[in-house]
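Structural features, examined
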Amino acid sequence: MTLPYLLLDIDGVLIPFPAVDGSTPPTHVRHTVLPTGRHPDDPVPIWLDPRQGRMLTDLLTSGLLTPVWCTSWRKDATTIIGPLLGLPDFPYLDLPRPQIATSRPDGYLWKRDHVDVWLADAPAVWIDDDFTSLDHEWAKERTTKGTATLLIQPDPHLGLQPEHLTEVTTWASQLPAAHATS
């Protein structure tokens, strides 16, 4: 049986959004990066918590999940963000670049339609800061139909916290496949 997927977003999850006063969590270290397509004179400042790399590596080496980046950073997740956190290389979902003014043009996270098709009937835990109640209903419906689906939604100003990964580990270890491979 295929391991459940861990779909991992970056903005608002690993890179917190600044507070109204422009501050970021004191646990995060500033980096200046140059995403694909960006002019060298226009780099992007980001803030990452080095502890997240260790926490995620522990989760990824548990053998409970198959990680996949699910972010508008696309390939840059594997070439920029992952290495800065010391994460092992893992694939990314090649999301489209929609011309939208909001992340929820249809009342739910724009990524969801693409994720739903890509996942098919595979179980998954998805960590993103931008879910709506419609996304939570989608996950509940998938689970009710027999495809375990968990959404984790960090506060976008704080990002991923240890308790989120504890919840992911508990969820994944309770799935039937986890017991078959243990």
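Numbering of residues starts from 1 in each chain and follows the order in which that chain's sequence is written. Side-chain atom pairs in this predicted model are given and counted only at pLDDT of 80 or more, local residue features only at pLDDT of at least 70, and totals for whole chains, interfaces and linings cover all residues. Values reported for side chains reflect all heavy atoms of the structure, with hydrogen atoms and water molecules removed beforehand.

Describing the overall build of the chain
Across its full length, the chain carries six helices and six strands. Strands are runs of DSSP state E lasting at least two residues, helices are runs of H or I lasting at least four, and both sets are numbered from the N terminus onward. Taken from the N to the C terminus, the helices and strands of the chain come in the order β-β-β-α-β-α-α-β-α-β-α-α. For 182 residues, the compact-globule estimate of 2.2 N^0.38 gives 16 Å, and the chain sits close to it at 16 Å. Here's how the labels work: a residue is buried when its accessible area is under 20% of the maximum for its type, exposed when over 50%, partly exposed in between, all with a 1.4 Å probe on protein chains only. A burial count over the chain gives 47% of its 182 residues as buried. With an accessible surface of roughly 9400 Å², the chain has 55% of that area assigned to carbon and sulfur atoms. When the 13 basic and 23 acidic side-chain charges of the chain are each reduced to a single mean position, those positions are 2 Å apart. Each radius of gyration reported is based on C-alpha atoms, and the globular scaling rule is 2.2 Å times the count of residues to the power 0.38. Accessible surface area values rest on a Shrake-Rupley calculation with a 1.4 Å probe, where residue burial reflects the displayed protein chains alone. A residue counts as positive if it is Lys or Arg and as negative if it is Asp or Glu; His and the chain ends are not included. Charge coordinates come from a single atom per side chain, which is NZ of Lys, CZ of Arg, CG of Asp or CD of Glu.

Digging into the sheet that holds strand β4 (residues 66-69)
Spatial strand order, β4-β1-β5-β6: four strands in an open sheet with parallel pairing. Edge positions in the sheet fall to β4 and β6 (149-152), since each of these pairs with one other strand and no more. Sheet twist, expressed as the mean angle between neighbouring strand axes with direction ignored, is 15°. Strands qualify as paired when DSSP identifies two bridges or more between them. When strand β1 (residues 5-8) meets β4, the two strands line up parallel, connected through four bridges. Across the sheet, residue Leu8 finds its bridge partner in β4, namely Trp69. What counts as an axis is a line fitted to C-alpha atoms, over the stretch in contact for a helix, and the angles between N-to-C directions run from 0 to 180 degrees.

Overview of the pairing of strand β5 (residues 124-127)
The two faces of β5 match: Ala124 and Trp126 on one face and Val125 and Ile127 on the other face are all buried. Relative to β5, β1 is paired through four bridges, and the arrangement is parallel. Paired with Tyr5 across the two strands is Ala124, which belongs to β5. Sheet topology places β5 next to β6; four bridges connect them, and they run parallel. Residue pairing in the sheet places Ala124 in a bridge with Thr149 of β6. Convention used here: a crossover is right-handed provided that the path from the first strand, over the helix, to the second strand proceeds clockwise when the strands point away from the viewer. Handedness of the β5-helix α4 (residues 133-144)-β6 crossover: right-handed.

A word on the packing of aromatic side chains
Think of it this way: a Phe, Tyr or Trp ring, Trp meaning its six-membered ring, pairs with another when their centres are within 6.5 Å, and the plane angle makes it stacked under 30 degrees, edge-to-face over 60, tilted otherwise. Within the structure shown, the criterion is met by four aromatic pairs. Among the aromatic residues, those joined into a cluster by ring pairs are Trp126, Phe131 and Trp138.

Concerning the layout of surface pockets
Definitions used throughout: a 1 Å grid over protein atoms alone; a cavity as a set of points that fits a 1.4 Å probe which cannot get out; a pocket as an open set with protein on both sides within 12 Å along at least five of seven lines; a lining residue as one with an atom within 4 Å of a point. Grid points are joined across faces, edges and corners, and a volume is the space filled by probe spheres set on the points. Considered as a void within the structure, the largest pocket measures approximately 270 Å³ in volume. Forming the walls of the largest pocket are 13 residues, and the residues nearest its centre are Pro35, Thr36, Ser72, Asp76 and Arg97. Side-chain classes are defined by residue name, with Ala, Val, Leu, Ile, Met, Phe, Trp, Tyr, Cys and Pro counting as nonpolar, Asp, Glu, Lys and Arg as charged, and the others, Gly among them, as polar. Tallied by class, residues from the lining of the largest pocket come to four nonpolar, three polar and six charged. Reported here for the second largest pocket is a volume of approximately 190 Å³.

Some remarks on the nonpolar core
Most often, soluble globular proteins keep nonpolar side chains buried together rather than apart. By nonpolar core we mean a set of buried residues, namely Ala, Val, Leu, Ile, Met, Phe, Trp, Tyr and Cys, connected to one another through side-chain atoms within 4.5 Å. Counting residues in hydrophobic clusters, the biggest one holds 34 residues, and the most contacted among them are Leu14, Leu65, Trp69, Ile81 and Ile127. Of all elements in the fold, only β1, β3 (44-48), α1 (50-60), α2 (76-85), β5, β6 and α5 (162-173) reach the threshold of two or more residues within this core. Of all hydrophobic cores here, the second largest spans 17 residues; its members include Trp110, Phe131, Trp138 and Ala139.

Overview of the side chain of Asp128
Counting through the fold element by element, Asp128 comes out in the loop between β5 and α4. Contact criterion: two residues are considered in contact whenever any of their non-hydrogen atoms come within 4.5 Å of each other. Other than its neighbours up to four places away in sequence, Asp128 contacts Asp9, Val13, Cys70, Leu109, Lys111, Ile152, Gln153 and Pro154.

Considerations on α5
A turn of α-helix holds 3.6 residues, and therefore any two residues three or four places apart point the same way. Each helix should span, by expectation, one fewer than its residue count multiplied by 1.5 Å. Between its terminal C-alpha atoms α5 stretches 16 Å, which fits the 16 Å expected from twelve residues at 1.5 Å a residue. Of all the residues in α5, the buried ones are His164, Leu165, Val168, Trp171 and Ala172. The buried residues of α5 occupy an angular sector of 120° when the element is viewed end-on, so they sit on one face. This arc corresponds to the set of directions leading from the helix axis out to the C-beta atoms.

Here's the deal with the pairing of β3
Of all five residues making up β3, four are buried, and the element is well covered by its neighbours. Sheet topology places strand β2 (residues 29-33) next to β3; five bridges connect them, and they run antiparallel. Paired with Val29 across the two strands is Leu48, which belongs to β3.

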